[in-house]
Amino acid sequence: MKLFDTYFCFYILSWIFIKLTRVYSIEIEYLNHYLTDFFAVPAMTHLGSCIISRLKYNNQVYVYPTSYLVITAFVLSILLEFIMPKFSSNYTADIMDVVCYFMGIVFYLKFHKPHVLEFKNKIIEY
């Protein structure tokens, strides 16, 4: 399983782009607020799958089951949109962020996961 595939590189470049727009106070309304949230679950899923594929399954492709993605989005939602805003002004509770986490799952399942599976020899999915 290739870590730096096309999609993962796009996630990283998008994150860098958004960080630069924030540093230079360039406001691109929807992108600045939601793009990183949209790609959070797909990026974490891909990174985790690559690590597990290499360490546990001897480079065979490991794909998280959809239920794990839902749990990831749920935990991110609770942690970043409910708990953290109570402790830090750097975090704000925003229901659209939650929507983006779950939309990211749909994106991953529709586009990224099939891309990963194109190059597999054997899938291990639990």
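Up top is the structure.
Sequence positions are assigned chain by chain, starting from 1 and proceeding in written order. Local features in a predicted model are, by the rule used here, given only for residues with pLDDT of at least 70; side-chain atom pairs are given and counted only at 80 or more, and totals for whole chains, interfaces and linings are based on all residues. Values reported for side chains reflect all heavy atoms of the structure, with hydrogen atoms and water molecules removed beforehand.

**Here's the deal with the packing of helix 2 (residues 29-55) against helix 4 (residues 95-118)**
- Only the stretch in contact is used when fitting a helix axis, every axis being a line fitted to C-alpha atoms; angles between N-to-C directions are given from 0 to 180 degrees. Runs of E in the DSSP output that reach at least two residues are strands. Runs of H or I that reach at least four are helices, and both are numbered from the N terminus. The interhelical angle for the contact between helix 2 and helix 4, taken along N-to-C directions, is 45 degrees, at an axis separation of 7 Å. When the axis of helix 2 is compared with that of helix 4, the two are oblique. Considering how the two elements wind past one another, helix 2 and helix 4 form a crossing that is right-handed. Here His33, Tyr34, Asp37, Phe38, Phe39, Ala40, Val41, Pro42, Thr45, His46 and Ser49 of helix 2 lie close against helix 4, whose contacting residues are Met96, Asp97, Cys100, Tyr101, Met103, Gly104, Ile105, Phe107, Tyr108, His112 and Val116.
- Residues are grouped as follows: Ala, Val, Leu, Ile, Met, Phe, Trp, Tyr, Cys and Pro are nonpolar; Asp, Glu, Lys and Arg are charged; all remaining types, including Gly, are polar. Here the residues of the contact of helix 2 with helix 4 are counted per class, giving 14 nonpolar, six polar and two charged. For classification, angles of less than 35 degrees are called roughly parallel, those exceeding 145 degrees roughly antiparallel, those between 65 and 115 degrees roughly perpendicular, and all remaining angles oblique. Left-handed describes a crossing whose near helix is turned anticlockwise from the far helix through less than a right angle; right-handed describes the clockwise counterpart. In this description, contact between two residues means that some pair of their heavy atoms is separated by no more than 4.5 Å.

**Observations regarding the packing of aromatic side chains**
- Each pair of aromatic rings taken from Phe, Tyr and Trp, with Trp reduced to its six-membered ring, is defined by centres within 6.5 Å and is described as stacked if the planes are under 30 degrees apart, edge-to-face if over 60, and tilted in the remaining cases. Using the criterion set out here, one finds 14 aromatic pairs in the structure.
- Ring plane angle 80 degrees and centroid distance 5.3 Å describe the contact between Tyr62 and Tyr64, whose orientation is recorded as edge-to-face.
- Summary of the burial criterion: residues with accessible area below 20% of their type's maximum are buried, those above 50% are exposed, and those between are partly exposed, where the area comes from a 1.4 Å probe applied to protein chains only. On the accessibility criterion, Tyr62 (5% relative accessible area) is buried.
- Since its relative accessible area comes to 17%, Tyr64 is described here as buried.
- In textbook terms, an aromatic cluster arises when at least three aromatic residues are bridged by ring pairs, as seen for Phe4, Tyr7, Phe8, Phe10, Tyr11, Phe38, Phe39, Phe107 and Phe111.

**Notes on helix 1 (residues 6-23)**
- One less than the number of residues in a helix, times 1.5 Å, gives the span that helix is expected to have. Look at helix 1: 26 Å from first C-alpha to last across 18 residues, which is about the 26 Å you get at 1.5 Å a residue.
- For helix 1, the full list of buried residues reads Phe8, Tyr11, Ser14, Ile18 and Thr21. Each buried residue of helix 1 sits inside an arc of 150 degrees when the element is viewed along its axis, so together they form one side. Of the residues in helix 1, the exposed ones pointing more than 90 degrees away from the buried face are Thr6, Leu13 and Val23.
- Looking one or two places after helix 1, you find Ser25, whose phi comes out positive at around 55 degrees. It is the directions from the helix axis to the C-beta atoms that the arc portrays.

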